[in-house]
Amino acid sequence: AEVIGITKWIPPHVIGDGTRTLKELIEARNAYRKYYTLSEIVVNEEEIMRQGFDYASVLPEGVSCGLNRNSSYLVGGETTRIDPALIHPDNLEACRRAADATYINFSGIDLISKDISVSYRENGAAINEINTCPNIFVHYFADMGEDAREARRILQKYFGL
């Protein structure tokens, strides 16, 4: 099985610019998400307070504030692209074997791991699920941008476009 793209789910967060309040940063992030019909961020106020902030806090430039510990897109989780070179070969091979076992041409493998640079044999990582109809949006909106590189690779591979 060929690896077309790898992403990592990260919990929703905002990064301070030194001028806007936490509430304003969240509103700006949610406006972006709403424009692209992505789920709104579900803010866990206890998580914000645990970090010493509240909605009126002005985050210093470059300082991150986690908004929820859950990384699911349903609560506003985001994805970031991962360089395959950073993944332990055992982990890539396990995902390839799982994909091949389905006999499906195109699938998405969810590997839950504390550290993908360490073999699943050593860190307790496991395949959570095999998506037989994976959603490309996790790649398209990775890194809070719009990038169709994985979609182009899929179209080239399967349709010669």
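Positions within a chain are numbered from 1, following the residues in the order the chain's sequence is written. Totals for whole chains, interfaces and linings use every residue, but because this is a predicted model, local features are given only for residues with pLDDT of at least 70 and side-chain atom pairs only at 80 or more, for both listing and counting. Excluded from the side-chain calculation are hydrogens and water; included are all heavy atoms of the structure.

Engineer: Lay out the overall build of the protein chain with the relevant residues and their values.
Structural biologist: Each helix is a run of H or I in the DSSP string that is no shorter than four residues. Each strand is a run of E no shorter than two, and both are numbered from the N terminus. The secondary structure content of the protein chain amounts to six helices and six strands. Starting at the N terminus and walking to the C terminus, you meet the elements of the protein chain as β-β-α-α-β-β-α-β-α-β-α-α. Along the three orthogonal principal directions, the C-alpha set of the protein chain runs to about 50 × 40 × 25 Å. Counting the 161 residues in the protein chain, one finds 32% classified as buried. Just so you have it, the protein chain exposes about 9,900 Å², and 52% of that area is on carbon and sulfur atoms. Positive residues here are Lys and Arg, negative ones are Asp and Glu, while His and the chain termini are left out of the count. The atom standing in for a charge is NZ when the residue is Lys, CZ when it is Arg, CG when it is Asp and CD when it is Glu. Measuring between centres, the 17 positive side-chain charges of the protein chain sit 3 Å from its 23 negative side-chain charges. Working definition: with a 1.4 Å probe on protein chains only, accessible area under 20% of the residue-type maximum means buried, over 50% means exposed, and in between means partly exposed. Note on areas: Shrake-Rupley with a 1.4 Å probe; residue coverage comes only from the protein chains shown.

Engineer: An account of the packing of aromatic side chains is requested, with residue identities and associated values reported.
Structural biologist: Ring pairs shown here join Phe, Tyr and Trp side chains whose ring centres sit within 6.5 Å, with only the six-membered ring taken for Trp; geometry is labelled stacked below 30 degrees between planes, edge-to-face above 60, and tilted in between. Applying the stated criterion across every chain yields a total of seven aromatic pairs. Aromatic pair Tyr73 and Phe137: ring centres 5.3 Å apart, planes at 75°, arrangement edge-to-face. Taken together, the residues Tyr73 in the loop between strand 3 (64–66) and strand 4 (78–81) and Phe137 in helix 5 (residues 137–140) connect sequence positions 64 residues apart. Both rings, one in Phe106 and one in Tyr158, keep their centres 6.1 Å apart while their planes meet at 70°; by these two values the pair is edge-to-face.

Engineer: Mind laying out helix 1 (residues 22–35), listing which residues take part and the relevant values?
Structural biologist: One full turn of an α-helix is made of 3.6 residues, so residues set three or four places apart face in the same direction. Counted at 1.5 Å a residue, the expected span for helix 1 with its 14 residues is 20 Å, and the 20 Å between its end C-alpha atoms agrees. Taken residue by residue, helix 1 has Leu22, Leu25, Ile26, Arg29, Asn30, Tyr32 and Arg33 as its buried positions. One side of helix 1 carries all its buried residues, which in axial view fall inside an arc of 155°. In this structure, helix 1 carries Lys34 and Tyr35 as exposed residues pointing more than 90 degrees from its buried face. Here a residue-residue contact requires only that any non-hydrogen atoms of the pair lie within 4.5 Å. As for helix 1, its buried residues are in contact with strand 2 (13–15), helix 2 (45–50), strand 3 and strand 4. Directly after helix 1, the chain includes Thr37, whose backbone phi takes a positive value near 55°. Given a helix with a known number of residues, its expected span is that number minus one, times 1.5 Å. This arc describes the spread of directions from the helix axis toward the C-beta atoms.

Engineer: How would you summarise the environment of Pro84 if you had to cite specific residues and measurements?
Structural biologist: Position of Pro84 relative to the elements: it lies in the loop between strand 4 and helix 3 (89–102). You can call Pro84 partly exposed: its relative accessible area is 40%. For the pair Pro84 and Pro11, spaced 73 residues apart in the sequence, the C-alpha separation amounts to 21 Å. When near neighbours in sequence (up to four residues on either side) are disregarded, Pro84 contacts Ile6 and Leu92.

Engineer: So, the environment of Val43: which residues are in play, and what are the values?
Structural biologist: Looking at the element boundaries, Val43 is found in the loop between helix 1 and helix 2. Of the residues examined, Val43 reaches a relative accessible area of 23% and is grouped as partly exposed. In this structure, the C-alpha to C-alpha distance between Val43 and Asn68, residues 25 residues apart in sequence, is 5.7 Å. Among all residues touching Val43, those that are not within four sequence positions of it are Ile26, Ile48, Tyr55 and Leu67.

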